[in-house]
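Chain and residue survey
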Amino acid sequence: MELQRPTPSRRTLLRSGAYLGAAALGLAAAATAAPAHASDRRAAGTARRAAVAYPPTHWIPASTSNYTVATRPTQYPVEFVVVHVTQETFQDAMKIFQNPAKKVSSHYMVASADGYVGQFVREKDVAWHAGNWDYNTRSIGIEHEGWVDRPEYFTDAMYASSARLTAAVCDRYGIPKDRKHIIAHSEVPKATHTDPGPLWDWDRYIALVNTATAGPVRPYA
Ligand SMILES: [Zn+2]
C-alpha cells in the first residue's frame, strides 16, 4: 500500500478497520520505515509527490486488469460522480478490485465506520464501476461500504468524508454540485444495479457536498 499522505499517525491508521484489513492481507508497505533500497526510495518519492491530493486518501491500487488506462480529462471530459454502495465489506470489495478475474473497480471507496477513503484507480484512468462504458469514461466512481437495505452503514462519518471527496472532485473538473451530475449507479442508463438505494439521504449528501471545505485542491493524477 502506497500512502498518498506521507505521515499519517499510526493511531489514525489503526482506528481504521480498512487499514487493518489491508495489513492483514500483507498490503501495508513499510510506510514509516526508512527505505533501504533505491526502488523503495523511488516509491517514497512517489508518495511524497502524491501528497498534494485532497482529501487525504490511501492509495491501494486495483489490479491493472480491472480498469482502462487513459489521459482524462484530456481524453474524455469528467462530468459525473457516480455514487455506489458496495454490498460487500470494505475488505471484501478491496479484494475484488485487486482480483484480475473480477473486471471491476472504482476510483474510491469510503469505509462506513470512520469515513476512511481508499483510492484504487487514478482519476485520469477509467474505472469499471458504472456498467456503462460511456458513463465510465466520463465519471469518477465512489463506492460506500454497506448494503442498500442497511442504513446503519450510512454513518455521519461516511457522509461527511464522502461529501468532502465529491466536493474536491467537482472542484477539480468544474462539475456542478447537483443531482444532475452527482448521480446514483441506479441512474446510469441501462444500469442493472439499484445502489445506493432509497435509503441513501440525497438531500443531506448534496447539502454536505455544497458546504464541504475542500481546501487547496490539486489532482492526484
Ligand atoms: Zn454500484
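Residues numbered from 1 in each chain as written. Predicted model: local features only at pLDDT ≥ 70, side-chain atom pairs only at ≥ 80, totals over all residues.

- An unreviewed UniProt entry annotates the protein chain as N-acetylmuramoyl-L-alanine amidase originating from Streptomyces hebeiensis.
- Recorded in UniProt under Catalytic activity (unreviewed entry), the annotation for the protein chain is "Hydrolyzes the link between N-acetylmuramoyl residues and L-amino acid residues in certain cell-wall glycopeptides." (UniProt positions renumbered as here; feature names shortened; annotations may be inferred.)

As for unusual backbone geometry
- Between arginine 72 and the following residue, proline 73, the backbone shows a cis peptide bond with an omega angle of 0°.
- Within the secondary structure layout, proline 73 lies in the loop between strand 3 (67–68) and strand 4 (80–85).
- Here aspartate 195 and proline 196 are connected by a cis peptide whose omega angle stands at 5°.
- Relative to the elements of secondary structure, proline 196 occurs in the loop between strand 9 (182–184) and helix 7 (202–211).
- If you check the backbone angles, lysine 190 has positive phi at about 70° while not being a glycine. (Helix = DSSP H or I, 4+ residues; strand = E, 2+ residues; numbered from the N terminus.)

Describing the nonpolar core
- Val81, Val82, Val110, Ile142, Ala163, Val169 and Val209 are the most contacted members of the largest nonpolar core, which has 46 residues in total.
- Elements supplying a minimum of two residues to this core: strand 4, helix 4 (90–98), strand 5 (108–110), strand 7 (126–127), strand 8 (139–144), helix 6 (156–173), strand 9 and helix 7.
- For this core, the element with the most residues is helix 6, which contributes eight residues.
- Alanine 163 has contacts with Tyr205, Leu208, Val209 and Ala212, leaving out every residue within four places of it along the chain. (Core = buried A, V, L, I, M, F, W, Y, C linked by C-beta atoms within 7 Å. Buried ≥ 20, exposed ≤ 12 C-beta atoms within 10 Å, placed from the backbone. Contact = placed C-beta atoms within 7 Å.)

Brief notes about helix 4
- Buried within helix 4 are the following residues: Phe90, Ala93, Met94 and Phe97. Here the buried residues of helix 4 occupy an arc of 105° about the axis, which is enough to place them on one side. (Arc of directions from axis to C-beta.)

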